[in-house]
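# Commentary on secondary and tertiary structure
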Amino acid sequence: MNNSMIIGQYVPGNSLIHRLDPRTKILVIFFFVIVVFFANSVWSYGILTAFAVGTALATRVPLSFVAKGLKPVWFLIIFTFLLHLFVSRQGDILFTLLGFPFYEESLIQGGTLSLRFFLLILFTSLLTLTTSPIEITDAIEALLHPLKKLRFPVHELALMMSISLRFIPTLMQEAEKISKAQASRGVDFRTGSLKDRMSAIIPLLIPLFVSAFKRAEELAMAMEARGYQGGEGRTKIRALVFYRKDYFVFFFFLMIVAATIGTRM
Amino acid sequence: MELTFNEVTFIYSPGTPFEFKALEDLSMHVPSGSYTAVIGHTGSGKSTLIQHVNALLQPTEGSVQVGDFVMEAGKKNKNLRSLREKTGIVFQYPEHQLFEETVEKDIAFGPKNFGVEQKEIEERVTNALEAVQLTEDVREKSPFDLSGGQMRRVAIAGVLAMKPKVLVLDEPTAGLDPRGQKEMMEMFYTLHEREGLTTVLVTHSMEDALTYADDVVILNDGKKFMEGKPLEVFKRKEELKQVQLDVPEVLEFLEKVEKRTGISINYEKQPIAELAKELAFRLERRDDYE
Ligand SMILES: Nc1ncnc2c1ncn2[C@@H]1O[C@H](COP(=O)(O)OP(=O)(O)OP(=O)(O)O)[C@@H](O)[C@H]1O
Ligand SMILES: [Mg+2]
């Protein structure tokens, strides 16, 4: 399995963050994303960074693992920074290195943009690291519930999500299995021209699609056989309840928000 | 070609919370031309083990030698292609790997990848179809229109058409009807004898191990638990029980006969009918004597 795929990479655990109501986590993340865009001073960024890093530590997921999962976005973060540094030229020249002028304003802008990016990715990845996909969908269904009055198919959407999430690891396993089988029959996925590599994908994709369709059909049949008739009147096996720790987290987060807004310039 | 595992340890996803040691310090030797059965409880590491044979997995520690190819921990493998051409692996549920429009094309896929000439490929397809007992009329059909058992045979034909020297079978008969299972195991044995293959069979069936294998290796929790000739290994009933394995029914039956009647019959792979005859004969003689 691809270890750098952190999205959907749930690490079971027993930390406070793990035990929070998934709705709490989603709401906090939602507002955190908004608040990040309000930050504009050293202090406000400092507070948010401390909050995000502190939360990451509190999950007790090994930091090396969190960092590894961010690997694909490191590139983007650094790229954003460099782009700002070299392309936009605003403010005073701070210093000149090897004949290349560094502008103060671009340095700051590049830095803050990369930091924002980093904070967003880090914080949202904490959700998927500490919350099982099922909990996430339950929470989304609960949070979107009011939309039902507008005839928005909340239940169906949640069901689709949870089924997709459930089958991602299965599909990845299947893909690995089939690619190994085809590699044994002489397919080379790694070397050769682009065209060769494209055509090497076909023996992988077709069996994968075939089995995914078969699986979907079997699942639908099994669900109907067990009396599934849609969301109407269906009860929940896991009821979501806010506990004291959730209220505490909301309160704490509110203070962070207030502090961030307060230290804006 | 002979296979040698030298103190192989394999770890899945090392350095993550999902780290899992699937093989530990495992050494074994499979002589050229022999038939070895690998047995173990589910999750004991059998499939992980066999994926080292054609370098789909590389040992985390230790080394694996297949003929002249040596795969060592931490070293890049060269010549993967020629290794893979010589080692055919039939995976668990191999029918999942079918993808071509016709049975013929799917069987030809392996040889084609290894650069076999068109004329020779056609010959190999014909032979492979015959070996797996499929008739010529499926040749032009889509593999997805066949029954599950037929699909399995097509997939196996696709591996046989590579003309491997080492044949690795990962529970090749799982999910087939009893008669299909027997036919298929016989087919592999005939091939093994005729082509002088080195065969490794992963199986849950003690009967198959007893009937076909020269050597048996028993895995438990990624470690080698026992190895030896089938009859010797299956004598150690109590130890096998510890790892949730049974002994073959025939042996179990003969042991019970001995306990009840005192008649001991040596099992030398006689057919059931012959055993029954001998037992009847000895019982009669005993009754006469009394
Ligand atoms: N890709 C993988 N990533 C992580 N762990 C794995 C992976 N593949 C297998 N494992 C684990 O390694 C162990 C051995 O698996 P393996 O497939 O070798 O068992 P097996 O003996 O073939 O079992 P079975 O009889 O069920 O086929 C299992 O506990 C399994 O969960
Ligand atoms: Mg297996």
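This is a predicted model, so every value here is computed, not measured.

What counts and what doesn't
- Residues numbered from 1 in each chain as written.
- Chains lettered and ligands numbered in written order.
- Predicted model: local features only at pLDDT ≥ 70, side-chain atom pairs only at ≥ 80, totals over all residues.
- Heavy atoms only, no water.
- UniProt positions renumbered as here; feature names shortened; annotations may be inferred.
- Helix = DSSP H or I, 4+ residues; strand = E, 2+ residues; numbered from the N terminus.
- 1 Å grid on protein atoms, 1.4 Å probe; cavity = no way out; pocket = protein on both sides within 12 Å on 5 of 7 lines; lining within 4 Å.
- Points joined across faces, edges and corners; volume = space filled by probe spheres on them.
- Nonpolar A, V, L, I, M, F, W, Y, C, P; charged D, E, K, R; others polar.
- Contact = heavy atoms within 4.5 Å.
- Buried area = accessible area lost by both parts, 1.4 Å probe.
- Salt bridge = Lys/Arg side-chain N within 4 Å of Asp/Glu carboxyl O.
- Polar contact = N/O pair within 3.5 Å; in protein donor to acceptor, adjacent residues only side chain to side chain.
- Near = heavy atom within 4 Å.
- Areas by Shrake-Rupley, 256 points an atom, 1.4 Å probe, with all protein chains shown as cover.
- Buried < 20%, exposed > 50% of the residue type's maximum accessible area, 1.4 Å probe, protein only.
- Lys, Arg positive; Asp, Glu negative; His and termini not counted.
- Pairing = 2+ DSSP bridges.
- Axes fitted to C-alpha atoms, helices over the stretch in contact; angles between N-to-C directions.

### Some words on the UniProt feature "domain: ABC transporter" (unreviewed entry) in chain B
Within this numbering scheme, the UniProt entry marks residues 3-246 of chain B as carrying the feature "domain: ABC transporter" (unreviewed entry). For the annotated span residues 3-246 of chain B, helix accounts for 35% and strand for 26% of the residues, and the straight-line distance between the end C-alpha atoms is 27 Å.

### Focus: the layout of surface pockets
Residue and element names in this part refer to chain A. A volume near 880 Å³ is recorded for the second largest pocket. The wall of the second largest pocket is formed by 29 residues, among which His 155, Leu 159, Ser 162, Tyr 228 and Arg 234 lie closest to the centre. Elements with a contribution of two residues or more to the lining of the second largest pocket: helix H7 (133-144), helix H8 (154-184) and helix H9 (194-225). The greatest single-element share of the lining of the second largest pocket, amounting to 8 residues, is contributed by H8. By residue class, the composition of the lining of the second largest pocket is 14 nonpolar, 7 polar and 8 charged.

### Description of the interface of chain B and chain A
Each partner contributes residues to the interface: chain B has 28 residues there, and chain A has 23 residues. Contact between chain B and chain A buries roughly 2,100 Å² in total, counting both sides, with carbon and sulfur atoms accounting for 62%. Seen at the junction of chain B and chain A, the total is 1 salt bridge. The shortest N-O distance in the salt bridge between Asp106(B) and Arg185(A) comes to 3.1 Å. Counting across the chain B and chain A interface gives 6 residue pairs in polar contact (both at pLDDT 80 or more). Secondary-structure elements contributing two or more residues to the side of chain B that touches chain A are helix H2 (80-86) and helix H3 (103-113) of chain B. Its residues assigned to classes, the side of chain B that touches chain A comprises 14 nonpolar, 11 polar and 3 charged.

### Some points on the site of ligand 1
Close to ligand 1 lie 14 residues, the nearest being Thr42(B), Gly43(B), Lys46(B), Ser47(B) and Thr48(B). Proximal residues around ligand 1 fall on chains A and B, making this an inter-chain site. Measuring from an oxygen atom of ligand 1, one finds a side-chain N or O atom of Gln92(B) at 2.9 Å. The side chain of His204(B) places a nitrogen or oxygen atom 3.2 Å from an oxygen atom of ligand 1. Protein chains shield 69% of the accessible area of ligand 1, which is 630 Å² for the free molecule. Mapped by element, the contributors of at least two residues to the shell around ligand 1 are strand E2 (20-30) and helix H1 (46-50) of chain B. Counted by class, the shell around ligand 1 contains 3 nonpolar, 8 polar and 3 charged residues.

### A short note on the side chain of Lys25(A)
Residue and element names in this part refer to chain A. On the secondary structure map, Lys 25 appears in helix H2 (residues 22-36). No salt bridge is formed by the buried Lys 25. Its closest oppositely charged neighbour is Glu 135, at 5.1 Å. Non-local contacts of Lys 25, meaning those with residues more than four positions away in its chain, are made with Ile 17, His 18, Leu 20, Leu 127, Thr 130 and Thr 131.

### A word on the sheet that holds strand E3 (residues 35-40) of chain B
Two modes of strand pairing occur in sheets, parallel and antiparallel, and in both the strands are linked by backbone hydrogen bonds. All names here are of chain B. Across the sheet, which stays open at both edges, the 6 strands sit in the order E6-E7-E8-E3-E9-E10 with mixed pairing between neighbours. The sheet is open, and its two borders are formed by strand E6 (87-90) and strand E10 (223-228), each paired with just one other strand. On average, adjacent strands in this sheet sit at an angle of 15° to one another, irrespective of strand direction. In terms of strand pairing, E6 meets strand E7 (residues 166-170) through 4 bridges, oriented parallel. Paired with Ile 89 across the strands is Val 168, a residue of E7. Along the sheet, helix H5 (residues 148-160) contacts E6 and E7; its crossing angle with E6, the most-contacted strand, is approximately 170°.

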